[in-house]
Amino acid sequence: MKTCWRLAAFSWDSNYERKREMIYKTVVILLVCLLGAAVCSANSWEIDLTAGTTTVAGGVHYKDYLDSGYYRVGTSGIHKDDDDTEYTMGSLDLTVGSDTLVPGLFCDVGFRGIYGNAEEDARSGDFGALAFTGSAGYLFPSDMIPIPVEIFGGLTWAPGPLAFEDADSYLEFNFGVGVRIIRNASIVASYTKYRIEMDSGPNDWTFEDDLFRVGLVMRF
């Protein structure tokens, strides 16, 4: 009986420590996002924070308009920690785009500098990439859908020559849907797929993960 109680107490302590660490990292990511927003001039910026059962992600991006469209610059990060997989990565993003071609539609292309580390089972490694990226989204007009619904998606890819550290290539795909609860804020749900070819350890291996997250996006 005493052994059972000790095992239960150890399990509770482990879960408590993991949850506390997750909350701490969530707060750190949010503070980084707010700090990044503060150093941007108050023209147009966006803050997002999303989470899954074992994942937290956040970002802040600044957007300013040019004669022929806009540019968007910012940073984002994600952390996951469960029994089999743990990784942390961050990125610096620079894109140019347009949201005037079709009402409600935006699209942009650019570059992302990515760096992180991953551990899966008994394998681990660091990865980095200077990746090509593109994204698009569409806000349905109110005369088509009474609820302001938006869809969005993106693709990020770095071939071998643009991947470094232990990575041979990097691929990221995401798709999501949001509801504009007010004019400048949305509740979002998204799916993200990661695939990174790694050459750390005695044999090459592929790091893959699928994430589902929900959260809030605020625009100012």
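Residues numbered from 1 in each chain as written. Predicted model: local features only at pLDDT ≥ 70, side-chain atom pairs only at ≥ 80, totals over all residues. Heavy atoms only, no water.

### A word on the overall build of the protein chain
Thinking step 1. Secondary structure assignment for the protein chain yields one helix and eleven strands.
Thinking step 2. Reading the protein chain from its N terminus to its C terminus gives the helix and strand order α-β-β-β-β-β-β-β-β-β-β-β.
Thinking step 3. Buried residues in the protein chain amount to 36% of all 220 residues.
Thinking step 4. Long-range contacts, defined as pairs at least 24 residues apart, comprise 50% of the intrachain contacts of the protein chain with a sequence gap of at least 6.
Thinking step 5. A total accessible area of about 12,800 Å² is found for the protein chain, and carbon and sulfur atoms account for 65% of it. (Helix = DSSP H or I, 4+ residues; strand = E, 2+ residues; numbered from the N terminus. Buried < 20%, exposed > 50% of the residue type's maximum accessible area, 1.4 Å probe, protein only. Contact = heavy atoms within 4.5 Å. Areas by Shrake-Rupley, 256 points an atom, 1.4 Å probe, with all protein chains shown as cover.)

### Examining the nonpolar core
It is characteristic of soluble globular proteins that their nonpolar side chains tend to be buried jointly.
Thinking step 1. Formed by 19 residues in total, the largest nonpolar core has its most connected members in Tyr 87, Met 89, Phe 127 and Tyr 170.
Thinking step 2. Elements with a contribution of two residues or more to this core: β4 (85-98), β5 (105-120), β6 (123-139), β9 (167-182), β10 (185-198) and β11 (205-219). (Core = buried A, V, L, I, M, F, W, Y, C linked by side-chain atoms within 4.5 Å.)

### What about the packing of aromatic side chains?
By convention here, two paired aromatic rings are described through the distance between centres and the angle between planes.
Thinking step 1. Using the criterion set out here, one finds twelve aromatic pairs in the structure.
Thinking step 2. Relative to Phe 132, the ring of Phe 111 has its centre 6.0 Å away and its plane inclined at 45°; by these criteria the two rings are tilted. Note that Phe 111 is positioned in strand β5 and Phe 132 in strand β6, a separation of 21 residues in sequence.
Thinking step 3. Taking the relative accessible area as the measure of exposure, Phe 111 reaches 45% and is therefore partly exposed. (Phe/Tyr/Trp six-rings, centres within 6.5 Å; stacked < 30°, edge-to-face > 60°.)

### Regarding the environment of Leu 211
Thinking step 1. Positionally, Leu 211 belongs in strand β11.
Thinking step 2. For Leu 211, a relative accessible area of 3% gives the class buried.
Thinking step 3. Excluding residues within four positions of it along the chain, Leu 211 makes contact with Thr 55, Ile 78, Lys 80, Tyr 87, Ser 190, Tyr 191, Thr 192 and Tyr 194.

### As for unusual backbone geometry
Peptide bonds are mostly trans, and most non-glycine residues show a negative phi.
Thinking step 1. One non-glycine residue, Glu 165, adopts positive backbone phi at about 55°.
Thinking step 2. Mapped onto the elements of the fold, Glu 165 is located in strand β8 (residues 163-165).

### Observations concerning the pairing of β11
Thinking step 1. Relative to β11, strand β1 (residues 45-51) runs antiparallel, the two being bridged by six bridges. Within β11, the position partnered with Ile 47 by the bridge is Met 218.
Thinking step 2. Of the strand pairs in this sheet, β10 and β11 are connected by 14 bridges, and their pairing is antiparallel. Bridging from a neighbouring strand, Val 188 pairs with Gly 215 of β11. (Pairing = 2+ DSSP bridges.)

### Remarks on the pattern of salt bridges
Thinking step 1. One pass over the full model with this rule turns up 14 salt bridges.
Thinking step 2. The closest approach of N and O atoms between Asp 209 and Lys 80, which form a salt bridge, is 3.1 Å. In this pair, Asp 209 sits in strand β11 while Lys 80 sits in strand β3 (residues 69-81), placing the two residues 129 residues apart along the sequence. For the pair shown, Asp 209 and Lys 80 are each scored as buried. (Salt bridge = Lys/Arg side-chain N within 4 Å of Asp/Glu carboxyl O.)

### Details of the confidence of the model for the protein chain
Thinking step 1. Here the protein chain averages 84 in pLDDT, and 80% of its residues register 70 or above.
Thinking step 2. At the low end of the mean pLDDT range in the protein chain sits helix α1 (residues 2-39), at 49; at the high end sits strand β7 (residues 149-158), at 97.
Thinking step 3. Throughout residues 1-14 the model reports pLDDT below 50, and contacts reaching past four residues in sequence, or to other chains, amount to zero contacts.
Thinking step 4. Taken together, the stretch residues 37-42 has pLDDT below 50 and engages in five contacts with residues farther than four places along the chain or on a different chain. (pLDDT = per-residue confidence, 0-100.)

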